[in-house]
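Letter by letter, the chains look like this.
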Amino acid sequence: MQIMDAVRGDLTTQPADALVNAANSTLLGGGGVDGALHAAAGPALLEACRQVRATQWPDGLPVGEAVATPAGLLPARWVIHTVGPNRNRGQVEETQLASCYTRCLDIAVELGARTVAFPAIGAGAYGWDAPTAARVAVLATAAHPRTGIERVRFVLFNEPLHTAFLDALQGLI
Ligand code: AR6
């Protein structure tokens, strides 16, 4: 059985095989959930991100792409880093935001993750409104085969986003 749910909480304390990071293309940290994950993970996460930059993505991770690293001290095996479109800089394509979820789930399937936890990608510094961020997240996740993944959990930091995700999940029924 495949479960999708939404809880209010802090992603850094959510036990899951894979935690998704709403990163920026440098992969070298930032504010918001990115900063919180790096702070909780310890320096091993930054080191792993530097390795990714040195090998796989020397020019940075493109918008809508994703890449996995070990999770350092976080309660997870992997962090899957993705880069949302920055609406505040004119990146307004919902397909790019959907791609973040699709590519993260592709990688989670490849890794053999059974549980995956997402933040509301793009809904902070990158300026996506809560209803749109939630609708795109839920529809992209629902459309993915998610082979081997038992639970996808959206972990929302505030009540308006939590409500928006619950509404979007309700819309699937
Ligand atoms: N757990 C869950 N959600 C959180 C947490 C947390 N610990 N902390 C913040 N959020 P943002 P973006 C929520 O700005 O919009 C970074 O600087 C937050 O309230 O983290 O994709 C990166 O380095 C919001 O609802 O990500 C990039 O430069 C959601 O996570 C840029 O921000 C996403 O907000 C990415 O911007």
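The rules behind each value
Residues numbered from 1 in each chain as written. Predicted model: local features only at pLDDT ≥ 70, side-chain atom pairs only at ≥ 80, totals over all residues. Heavy atoms only, no water. Buried < 20%, exposed > 50% of the residue type's maximum accessible area, 1.4 Å probe, protein only. Helix = DSSP H or I, 4+ residues; strand = E, 2+ residues; numbered from the N terminus. Pairing = 2+ DSSP bridges. Right-handed = clockwise from strand over helix to strand, strands pointing away. Near = heavy atom within 4 Å. Polar contact = N/O pair within 3.5 Å; in protein donor to acceptor, adjacent residues only side chain to side chain. Areas by Shrake-Rupley, 256 points an atom, 1.4 Å probe, with all protein chains shown as cover. Axes fitted to C-alpha atoms, helices over the stretch in contact; angles between N-to-C directions. Parallel < 35°, antiparallel > 145°, perpendicular 65-115°, else oblique. Left-handed = near helix turned anticlockwise from the far one by under 90°. Contact = heavy atoms within 4.5 Å. Arc of directions from axis to C-beta.

(A) The pairing of strand E6 (residues 151–156), seen in detail. Among the six residues in E6, six count as buried, and that is most of the element. Burial along E6 is two-sided: the face carrying Arg151, Arg153 and Val155 and the face carrying Val152, Phe154 and Leu156 are both buried. Relative to E6, strand E1 (residues 3–8) is paired through six bridges, and the arrangement is parallel. Looking at the pairing, Met4 lines up with Val152 of E6. Handedness of the strand E5 (residues 115–118)-helix H4 (residues 130–143)-E6 crossover: right-handed.

(B) Seen up close, the site of the ligand. Looking at the ligand, there are 22 residues lining it, with Asp10, Asn24, Gly31, Asp34 and Gly124 nearest. Between an oxygen atom of the ligand and a main-chain N or O atom of Val33, the distance comes to 2.8 Å. In this structure, an oxygen atom belonging to the ligand sits 2.8 Å away from a main-chain N or O atom of Ala125. When the ligand is considered free in solution it has 690 Å² of accessible area, and contact with the protein chains removes 90% of it. Contributions of two or more residues to the shell around the ligand are made by strand E2 (18–23) and helix H1 (32–41). The element best represented in the shell around the ligand is H1, accounting for four residues.

(C) Representation of the packing of H4 against helix H5 (residues 159–170) within the structure. Packing of H4 against H5 brings their axes to within 8 Å, and their N-to-C directions diverge by 40°. It follows from the interaxial angle that H4 and H5 lie oblique. Crossing hand, H4 versus H5: right-handed. Across the interface between the two elements, Ala130, Pro131, Ala133, Ala134, Arg135, Ala137 and Val138 from H4 touch Pro160, Leu161, Ala164, Phe165, Ala168 and Leu169 from H5.

(D) Region of interest: H1. Along H1, the positions that sit buried rather than exposed are Asp34, Leu37, His38 and Ala41. Projected onto a plane normal to the axis of H1, the buried residues spread over an arc of 95° and lie on a single side. Exposed side chains of H1 directed beyond 90 degrees from the buried face belong to Gly32 and Ala39. Turning to H1, the residues buried within the fold contact E2 and helix H2 (43–55). Where H1 terminates, the next one or two residues include Gly42, which has phi positive at roughly 85°.

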